[in-house]
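A look at the structure
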Amino acid sequence: MVAAELSGTGCHRRPRALVWGADVLSLAVIVAAYLALELPTVGTFGILWDEQNDLDVARSYIATPAGWLAGSAEDPTQTRLPMYTVAVLFALTGLDDQYTGRLVSCAVGVLSLLGVFVYARRWFGRPQAQLAAGLLATSPFFLAFSRVALTEGDAFITATVAWFVVSLAWSL
């Protein structure tokens, strides 16, 4: 049990709902700050070469017939880049533009903040989790790359989900 969950002399515990409510509120504030910094800039800069290629690969996944075997026309060597999440969103929404692909990266950023917060909260406590997630949410490097539609998004999703599941299992 984390020391922050104890109140008074240590013999009384705070209600679990109060502890979780404070955690959810903390994380919501951090995610709101991240989105306030990130979303206004998503469509304000040009496309990068790698980003264009990766978006074309995502488009090829939903092309018929067997587009996932062909890759992009610009670079056939990049046939099976991990752009599955963006391709799924393209297929579900019918949109296949740069802005939509970048929104996937922003969503991965939110999942990364969630994973960092849960992991740090489990092992170190609420103040440390707030600090870790807050620093990540406002890091210029994180802000710069979590808004670009690149293949690394699928790797981040996999790692974040894995850490989130492990953290949840440890919390039970």
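Below you will find a few notes about this structure. Predicted model only: the values in this text are computed from it and were never measured.

Moving on, we get to the pattern of salt bridges. Enumeration over the complete set of coordinates arrives at 5 salt bridges. Close ionic contact of Arg-59 with Asp-96 constitutes a salt bridge, the shortest N to O distance being 3.5 Å. Taken as a pair, Arg-59 in helix H2 (residues 49-61) and Asp-96 in the loop between helix H3 (84-93) and helix H4 (98-123) lie far apart in primary sequence, 37 residues in all. Judged by relative accessible area, which is 23%, Arg-59 ranks as partly exposed. Here Asp-96 falls in the partly exposed class, since its relative accessible area comes to 37%. Taken together, the shared-partner salt bridges connect Asp-23, Arg-121 and Arg-126 into one network.

In the contact formed by H3 and H4, the axes pass within 10 Å of each other and the chain directions differ by 125°. By the angle class used here, H3 and H4 are oblique. Between H3 and H4 lies a crossing whose hand is right-handed. Between H3, through Thr-85, Val-86, Leu-89, Phe-90 and Thr-93, and H4, the contact on the second element is made entirely by Thr-100, Gly-101 and Val-104. Each residue belonging to the contact of H3 with H4 can be placed in one class, and the counts come to 4 nonpolar, 4 polar and no charged.

In this section: the side chain of Glu-38. The topology assignment puts Glu-38 in helix H1 (residues 16-38). For the buried Glu-38, which has no salt bridge, the nearest side chain bearing the opposite charge is Arg-147, at an N-O separation of 4.5 Å. Not counting residues within four places of it along the chain, the set of residues in contact with Glu-38 comprises Cys-106, Phe-142, Leu-143, Ser-146 and Arg-147.

Two quantities define a packed helix pair, namely the angle between the helix axes and the distance between the axes. Running from amino to carboxyl end, H4 crosses helix H5 (residues 126-138) at an angle of 155°, the nearest separation of the two axes being 8 Å. Relative to H5, the element H4 is oriented roughly antiparallel. Along this stretch, H4 crosses H5, giving a crossing that reads as right-handed. Where H4 abuts H5, its residues Ser-112, Leu-113, Val-116, Phe-117, Ala-120 and Arg-121 lie against Arg-126, Gln-128, Ala-129, Gln-130, Ala-132, Ala-133, Leu-136 and Ala-137. Of the residues that constitute the contact of H4 with H5, the class distribution is 9 nonpolar, 3 polar and 2 charged.

Tallying each qualifying case throughout the model produces 4 aromatic pairs. Between Tyr-61 and Tyr-84, the aromatic rings sit 5.1 Å apart at their centres with planes inclined by 10°, giving stacked as the arrangement. Within this pair, whereas Tyr-61 is found in helix H2, its partner Tyr-84 is found in helix H3, the two being separated by 23 residues in sequence. The exposure class assigned to Tyr-61 is buried, which follows from its relative accessible area of 12%. Plain terms: the ring middles of Trp-123 and Trp-170 are 5.2 Å apart, the flat faces sit at 85° to each other, and that makes the pair edge-to-face. Taken together, the residues Trp-123 in helix H4 and Trp-170 in helix H7 (residues 152-171) connect sequence positions 47 residues apart.

What H3 keeps buried is the set Val-86, Ala-87 and Phe-90. Projected onto a plane normal to the axis of H3, the buried residues spread over an arc of 100° and lie on a single side. Exposed and facing more than 90 degrees away from the buried side of H3 are Ala-91 and Leu-92. Tucked into the core, H3 has its buried residues touching H2 and H4. Gly-94 lies just past H3 and shows a positive phi near 80°.

Basis of the calculations
- Residues numbered from 1 in each chain as written.
- Predicted model: local features only at pLDDT ≥ 70, side-chain atom pairs only at ≥ 80, totals over all residues.
- Heavy atoms only, no water.
- Salt bridge = Lys/Arg side-chain N within 4 Å of Asp/Glu carboxyl O.
- Helix = DSSP H or I, 4+ residues; strand = E, 2+ residues; numbered from the N terminus.
- Buried < 20%, exposed > 50% of the residue type's maximum accessible area, 1.4 Å probe, protein only.
- Axes fitted to C-alpha atoms, helices over the stretch in contact; angles between N-to-C directions.
- Parallel < 35°, antiparallel > 145°, perpendicular 65-115°, else oblique.
- Left-handed = near helix turned anticlockwise from the far one by under 90°.
- Contact = heavy atoms within 4.5 Å.
- Nonpolar A, V, L, I, M, F, W, Y, C, P; charged D, E, K, R; others polar.
- Lys, Arg positive; Asp, Glu negative; His and termini not counted.
- Phe/Tyr/Trp six-rings, centres within 6.5 Å; stacked < 30°, edge-to-face > 60°.
- Arc of directions from axis to C-beta.

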